[in-house]
Amino acid sequence: MDKKATWDRFYTENSSRMPEFENFEWFFGFNSVQDFIMPFLRSRSSSDTLVRVLDMGCGTSAFGPSIYRHSPFPVRVTCADISPVAVQLMQESIRAKAAAPQNPSSQLEVLELDCTELCGYFGSNSVDLIVDKGTTDALLRSREGQGKASQVLKQCLRVLRSDGSLLQFSDEDPDARLLWLESEGREPGVTAADVGVHEIGEMRGMHYYCYQVTPRPVLH
Ligand SMILES: C[S@@+](CC[C@H](N)C(=O)[O-])C[C@H]1O[C@@H](n2cnc3c(N)ncnc32)[C@H](O)[C@@H]1O
């Protein structure tokens, strides 16, 4: 689950089964969590700058495009994935049915990016909100992906603004995920962060959570 080729195969097979493009959601979609997302956008919106949002490991999910469409606040949403197949499907679908955003200043882009190298694309302290729906889960569930999950977390903490947040949507139990996030935060060179969890609810017998990671303000 940490290999580009695995995901390319997954998205190729998935799209070949459908007569035309349909978004694929790993678990729930935007509607289930928009009440978590909108307050973040509201708290960071200002009249002169776009709220910077990253959907990290977007796949072919409608999550990022839905934030772009439904946010009343001006946003610049970047949907990024390591799989060029997923990225191309997303770019084509957006070109084919570009829906106007609620805020006319909002922007949307989809790009191929390995999220272990976020700093090569985003400046430090530049992103307001990172959403991760199933991406860290996928990395943590493969043996070689564990190191990548740590790298991704470090990169997120570097590119997030000091008042920004990373939201990891996951079915992993809090006992395991909170322990992992807290232990990662104690590694040398990692930006200190506060970690919290909210239960989203139960769907098809599974419990889902939102893990919120917020860089700790640096005291001078
Ligand atoms: C479990 S899927 C979730 C996809 C999407 N977020 C959703 O909810 O449907 C994990 C996604 O992470 C992507 N991915 C895995 N490793 C990645 C990496 N290093 N950088 C960027 N994306 C990655 C995969 O290509 C895949 O689309």
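On a predicted model such as this, the values are computed, not experimentally measured, just so you know.

Procedures and definitions
Residues numbered from 1 in each chain as written. Predicted model: local features only at pLDDT ≥ 70, side-chain atom pairs only at ≥ 80, totals over all residues. Heavy atoms only, no water. Phe/Tyr/Trp six-rings, centres within 6.5 Å; stacked < 30°, edge-to-face > 60°. Helix = DSSP H or I, 4+ residues; strand = E, 2+ residues; numbered from the N terminus. Buried < 20%, exposed > 50% of the residue type's maximum accessible area, 1.4 Å probe, protein only. Pairing = 2+ DSSP bridges. Axes fitted to C-alpha atoms, helices over the stretch in contact; angles between N-to-C directions. Contact = heavy atoms within 4.5 Å. Expected span 1.5 Å × (residues − 1).

Engineer: With reference to specific residues and values, describe the packing of aromatic side chains.
Structural biologist: Summed over the entire model, instances satisfying the criterion amount to 15 aromatic pairs. Ring centres 5.3 Å apart and planes at 70° place the aromatic pair Phe10 and Phe24 in the edge-to-face group. Placement of the pair is Phe10 in helix H1 (residues 4–16) and Phe24 in the loop between H1 and helix H2 (30–44), with a sequence separation of 14 residues. On the basis of relative accessibility, which here comes to 25%, the residue Phe10 falls in the partly exposed class. According to the relative accessible area criterion, Phe24 is partly exposed, its value standing at 25%. Measuring from centroid to centroid gives 5.7 Å for Phe63 and Phe169, while their planes differ by 70°, and the two rings are edge-to-face. In this pair, Phe63 is assigned in helix H3 (residues 63–70) and Phe169 in strand E5 (residues 160–170), connecting sequence segments 106 residues apart. Owing to a relative accessible area of 0%, Phe63 belongs among the buried residues under this scheme. A relative accessible area of 1% means that Phe169 is categorised as buried. Put simply, the rings of Phe27, Phe28, Phe30, Phe63, Phe169 and Tyr208 touch in pairs and so form one group of aromatic residues.

Engineer: Mind laying out the sheet that holds strand E6 (residues 193–203), listing which residues take part and the relevant values?
Structural biologist: The seven strands are arranged E3-E2-E1-E4-E5-E7-E6 in an open sheet whose pairing can be described as mixed. In the strand order of this sheet, the two ends are held by strand E3 (107–112) and E6, each with one partner. Ignoring strand direction, the axes of neighbouring strands in this sheet form an average angle of 15°. Of the strand pairs in this sheet, E5 and strand E7 (residues 206–215) are connected by five bridges, and their pairing is antiparallel. Bridged to Phe169 within E7 is Cys210. Where H3 meets the sheet, it contacts strand E1 (51–56), strand E2 (75–81), E3, strand E4 (127–133) and E5, and its direction lies at approximately 175° from that of E2. Sitting on the sheet, helix H7 (residues 174–185) touches E5, E6 and E7, and the angle it makes with E7 is about 15°.

Engineer: Which residues make up unusual backbone geometry, and what values do they have?
Structural biologist: Its identity as a non-glycine residue notwithstanding, Asn125 has a phi of 60°, on the positive side. Relative to the helices and strands, Asn125 is located in the loop between E3 and E4. Note on Asn125: relative accessible area 43%, which makes it partly exposed. With phi around 45°, Arg204 is a residue other than glycine that occupies positive phi space. Tracing the sequence through the fold places Arg204 in the loop between E6 and E7.

Engineer: Which residues make up helix H6 (residues 145–159), and what values go with them?
Structural biologist: Over its 15 residues, H6 extends 21 Å from the first C-alpha to the last, a length consistent with the 21 Å expected when each residue adds 1.5 Å. Looking at H6, one finds that the buried residues are Gly145, Ala149, Ser150, Val152, Leu153, Gln155, Cys156, Leu157 and Val159.

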